[in-house]
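Examining the three-dimensional arrangement
Here is how the chains run, residue by residue.
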Amino acid sequence: MTNGFNLTGKVALVTGAGRGIGKEFARSLASAGADVFILARDTGRLEQTADELRRATGRTFWTHAINVTDEASVEAAAAFVQKTTGRLDVLVNNAALGRGETPLENTSLDEWNATLATNVTGTFLCMKHFGRILIEQQSGSVINLGSMGGSSCLKNCCTGAYDVSKAAVECLTRCMAGEWGKYNIRVNAICPGYTLTEINEDFLADPKNNGFLDKSLGHIPLGRWAKPSEMGDIAVFLASEASSYITGATIVADGGYRIY
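Residues numbered from 1 in each chain as written. Predicted model: local features only at pLDDT ≥ 70, side-chain atom pairs only at ≥ 80, totals over all residues. Heavy atoms only, no water.

A short note on empty space enclosed by the protein
Inspection of every chain in the model, using the stated rule, returns 1 cavity of 30 Å³ or more. When its volume is computed, the largest cavity comes out at roughly 30 Å³. Lining the largest cavity are T15, V68, N93, A95, T118, G122, T123 and C126. Tallying contributions element by element places helix α4 (residues 109-137) first for the lining of the largest cavity, with 4 residues. By residue class, the composition of the lining of the largest cavity is 3 nonpolar, 5 polar and no charged. (1 Å grid on protein atoms, 1.4 Å probe; cavity = no way out; pocket = protein on both sides within 12 Å on 5 of 7 lines; lining within 4 Å. Points joined across faces, edges and corners; volume = space filled by probe spheres on them. Helix = DSSP H or I, 4+ residues; strand = E, 2+ residues; numbered from the N terminus. Nonpolar A, V, L, I, M, F, W, Y, C, P; charged D, E, K, R; others polar.)

If you want it as C-alpha cells, here you go:
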C-alpha cells in the first residue's frame, strides 16, 4: 500500500485556525507534511498558535488576518496566498460562529443574520476567492465544516440559526463538488459531533451548564465526546490522495449521535 495520506510538498489553508478544531486541522495537516496558512481575525492569537505549531511539527506556517464576512478581507487574504506561494492544494473552511442559546422565538434578526453571514456567506466567499487559485492550477481539495446539527435536531439545545447554516454548508458542498469536478477539485464536508475543544471545555466547566455532558452522553453510543485530533485525522484523509475518488461527500463524525 502506498502512503496516500502523505501531504509533503502540499500547501494548505485553514480559516478560524487560532484555536479549537481549526487549530487541530492545521496541526494535523502539517504533521502529514503540509505547509499551512492559518487565518483568523485575532492576529495575536494566530502568531501564538503558529509558533506553537512550528515547534510541534517543524513545518512552515504563515499567518494572515481575515474576516470571512467581508469580501475585501477575503480577497486580500487570497492575494497574500498567491503572492507568498503561488499555489494552494487544500482549503479548509473552518471559520464559524458557534451555536447560540436563544430560543428561535426570541432570536433577534441581528443574531440570525450574523450566524448565516459567518457560516454560510463566509464559506461562499472563501470558496469564491481561494477557489480561483485552485481553478487556475486545475487541482485541489476543499473541506468545509458542517455539523451533525445540519442533519439532526440536537436535544437540549436551542440551535435553529446554527443548524440551518450548517445544512446550507452541506448543500453548498454538494453543489460545488458538481461544478468543480471538471477542474479536478474535490469538495467535501466534515460534520463533527460534540468535540472537546477549549471552547467546549470552558462551556462544560460553567456551573450553569452542569449536567449537559451527562445528558449529551446519553445520546452518543460511543459514550464520549470526540477529541479534536480525531477531526484532524479526517481532514488529512480528505486532503490526501487516500480520498482521491471522493467528492460531494459529508463525513459525519458524531460517535453515533444521529442513530437515535
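From this point, the discussion proceeds with the structure in view.
Some remarks on the sheet that holds strand β4 (residues 90-93)
The 7 strands are arranged β3-β2-β1-β4-β5-β6-β7 in an open sheet whose pairing can be described as parallel. Strands with a single pairing partner mark the edges of an open sheet, and in this sheet they are β3 (61-65) and β7 (250-253). Direction aside, the axes of adjacent strands within the sheet are offset by 15 degrees on average. Relative to β7, strand β6 (residues 185-192) is paired through 4 bridges, and the arrangement is parallel. Looking at β7, one finds that A189 is bridged to T250. Seen against the sheet, helix α8 (residues 228-239) touches β4, β5 (140-145), β6 and β7 and runs at an angle of roughly 165 degrees to β6. (Pairing = 2+ DSSP bridges. Axes fitted to C-alpha atoms, helices over the stretch in contact; angles between N-to-C directions. Contact = heavy atoms within 4.5 Å.)

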